[in-house]
Amino acid sequence: MLLLDDDSLRLGLFTLGCSPGGSMSNFWTLLFNGDVNLSITMTFISTIAALAMMPLWIFTLGASLFRDHEATIPYINLAGSLVLLTFPLGIGILIRQYSPRLSKVSRKIIKPFTLICVIVSVCFGLYVNQFVFKLFTWQVVLAGISIAWGGYCFGALMAWSFRLERAQIMAVSIETAFQNPAVAFVMLVLSLPQPGADLSSVPVIAQLMLTGLPMWALLILSKIYHKVKVCCEEQKQIETPEIDTVQKAYLAVQTDPSDDSENAIFGKF
């Protein structure tokens, strides 16, 4: 209400806020070494809850925004999201149970494969929705950033307040920020006539693009930090044997009462 003065934009932003978690949060949780099991569980539960919660929010808080239109809840798309989420999980469980060798191979390629999927999805989204970028204003961008960072910070704060582990905090934070834009987009297309449906999808696409930007920056910085840390540890391991030898020689001198020469340590060394 503060940032957007057009009812279509407000409607799009509100509909996105009512949407459940999306599968992209599972990918990012994996890339950041978060608790993937928790992330997938949250996505599954939020998608089931959306079958009841989306109508609840839309017909209560969103009643003023939908006063001129009849909201159509995309139940088929919500059910499809559940299938797309659980079907690959079932395949993974079968592979782990009956093919340990293939399971080991999948563990090695899962992160590179996930990174490729994220890059392809982002590039595809930018190409398909490039016309929407012309409709971006600073208010729309700020609204998208506010949702993204609001989700990250609120999710992390709540997880930390409940004393969860770091991997779980990462999963909750990412899961709270990422939502399923496909559900919101389908609902807007089914509920609004054109061109209102396209206009209302602008905040949806803005939030989708802007939620991933800080994740890319953090991912690159974390990789650089990890590489620097590994190099420092390797350098420390190279220098440690020399230091340990001097310390042992010094301790030998201290425990030998017959050798009190000031230069005895160098002789021992």
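Not measured: the values here are computed from a predicted model.

Enquirer: Run through the overall build of the protein chain, naming residues and quoting values.
Expert: For the protein chain, the count of helices and strands is 11 helices and zero strands. Beginning at the N terminus, the succession of helices and strands in the protein chain can be written as α-α-α-α-α-α-α-α-α-α-α. Taken over 269 residues, the protein chain has a buried fraction of 34%. Carbon together with sulfur atoms contributes 68% to the accessible area of the protein chain, which is approximately 16800 Å² in total.

Enquirer: Talk me through helix α7 (residues 166-177); I want residue IDs and the actual numbers.
Expert: Between the first and last C-alpha of α7 there are 17 Å, a value that for 12 residues agrees with the 16 Å anticipated at 1.5 Å per step. Of the residues making up α7, those classed as buried are Ile169, Met170, Ala171, Val172, Ser173, Ile174, Glu175 and Ala177.

Enquirer: Run through the packing of helix α3 (residues 36-60) against helix α4 (residues 75-98), naming residues and quoting values.
Expert: The contact between α3 and α4 brings their axes to 10 Å, and the two run at 165°. Taken together, α3 and α4 sit at an angle that is classed as roughly antiparallel. The handedness of the crossing between α3 and α4 is left-handed. Within the contact between the two elements, α3 uses Ile40, Thr43, Phe44, Thr47, Ile48, Ala50, Leu51, Met54 and Pro55 and α4 uses Tyr75, Leu78, Ser81, Leu82, Leu85, Thr86 and Leu89.

Enquirer: Describe in detail the side chain of Thr47, supporting the description with residues and values.
Expert: Mapped onto the elements, Thr47 comes out in helix α3. Excluding residues within four positions of it along the chain, Thr47 makes contact with Pro20, Gly21, Leu78, Ser81 and Leu82.

Enquirer: Can you tell me about the packing of aromatic side chains, naming the residues and giving the values?
Expert: This model, assessed by the stated rule, comprises three aromatic pairs. Ring geometry for Trp149 and Tyr152: centres 5.7 Å apart, planes at 75°, overall edge-to-face. Highlighted residues: Trp149 and Tyr152, both in helix α6 (residues 138-161), separated by three residues, approximately one helical turn. Taking 6.4 Å as the distance between ring centres and 65° as the angle between the ring planes, the aromatic pair formed by Tyr152 and Phe178 counts as edge-to-face. Placement of the pair is Tyr152 in helix α6 and Phe178 in the loop between α7 and α8 (181-191), with a sequence separation of 26 residues. When sorted by exposure, Tyr152 lands in the same class as Phe178, which is buried. Through a chain of ring-to-ring contacts, three or more aromatic side chains come together here, namely Trp149, Tyr152 and Phe178. For the cation-ring pair, Arg163 lies above Trp160, with the distance from its terminal atom to the ring centre recorded as 5.1 Å.

Enquirer: Quick rundown of the environment of Asn33? Include the residues and the values.
Expert: Here Asn33 is to be found in the loop between α2 (24-31) and α3. Spatially, the C-alpha atom of Asn33 lies 8.9 Å from that of Ala171, the residues being 138 residues apart in sequence. Once residues lying within four places of it in the same chain are set aside, the contact partners of Asn33 are Lys111 and Ala167.

Enquirer: Provide a residue-level description of the nonpolar core, including the pertinent values.
Expert: Ranked by size, the top nonpolar core spans 17 residues in total, and within it Leu11, Met54, Ile58 and Met187 carry the most contacts. Elements with a contribution of two residues or more to this core: α1 (7-18), α3 and α8. Core analysis: the next-biggest nonpolar cluster, separate from the first, contains 12 residues, Leu31, Phe32, Tyr152 and Ala177 among them.

Enquirer: Give a detailed account of the packing of α2 against α3, specifying residues and quantitative values.
Expert: At a minimum axis distance of 9 Å, the contact between α2 and α3 shows a crossing angle of 170°. When the axes of α2 and α3 are compared, the pair comes out roughly antiparallel. Taking contact as the criterion, the partners of Ser25, Asn26, Thr29 and Leu30 in α2 are, on α3, Val36, Ser39, Ile40 and Thr43.

Definitions and limits used
- Each chain has its residues counted from 1, following the order in which its sequence is written.
- Residues qualify for local features only when their pLDDT is at least 70, as the model is predicted, and side-chain atom pairs are given and counted only at 80 or more; totals for whole chains, interfaces and linings, by contrast, use all residues.
- Computation of side-chain values covers all heavy atoms of the structure but excludes hydrogens and water.
- A run of H or I in DSSP becomes a helix once it reaches four residues, and a run of E becomes a strand once it reaches two; helices and strands are each numbered from the N terminus.
- For each residue, the accessible area found with a 1.4 Å probe, counting protein chains only, is set against the maximum for its type, and the residue is called buried under 20%, exposed over 50%, and partly exposed in between.
- Note on areas: these come from Shrake-Rupley sampling with a 1.4 Å probe, and a residue is covered only by the protein chains present in the view.
- Expected span of a helix, by definition, is 1.5 Å for each gap between consecutive residues, and there is one gap fewer than residues.
- Comment: axis = line fitted to C-alpha atoms, over the contacting stretch for helices; angle = value between 0 and 180 degrees taken between N-to-C directions.
- In these notes the angle categories are as follows: under 35 degrees is roughly parallel, over 145 is roughly antiparallel, 65 to 115 is roughly perpendicular, and the rest is oblique.
- Note: crossing handedness is left-handed where the near helix turns anticlockwise from the far helix by less than a right angle, and right-handed where it turns clockwise.
- When checking whether two residues touch, look at their non-hydrogen atoms; a contact exists if any pair is within 4.5 Å.
- Side-chain rings of Phe, Tyr and Trp (the six-membered ring for Trp) are treated as a pair once their centres are within 6.5 Å; stacked means planes under 30 degrees apart, edge-to-face means over 60, and tilted covers the remaining angles.
- Should the NZ of a Lys or the CZ of an Arg lie within 6 Å of a ring centre and within 35 degrees of the ring normal, that charge is described as sitting over the ring.
- Take the buried residues of types Ala, Val, Leu, Ile, Met, Phe, Trp, Tyr and Cys, join any two whose side-chain atoms come within 4.5 Å, and each joined set is a nonpolar core.

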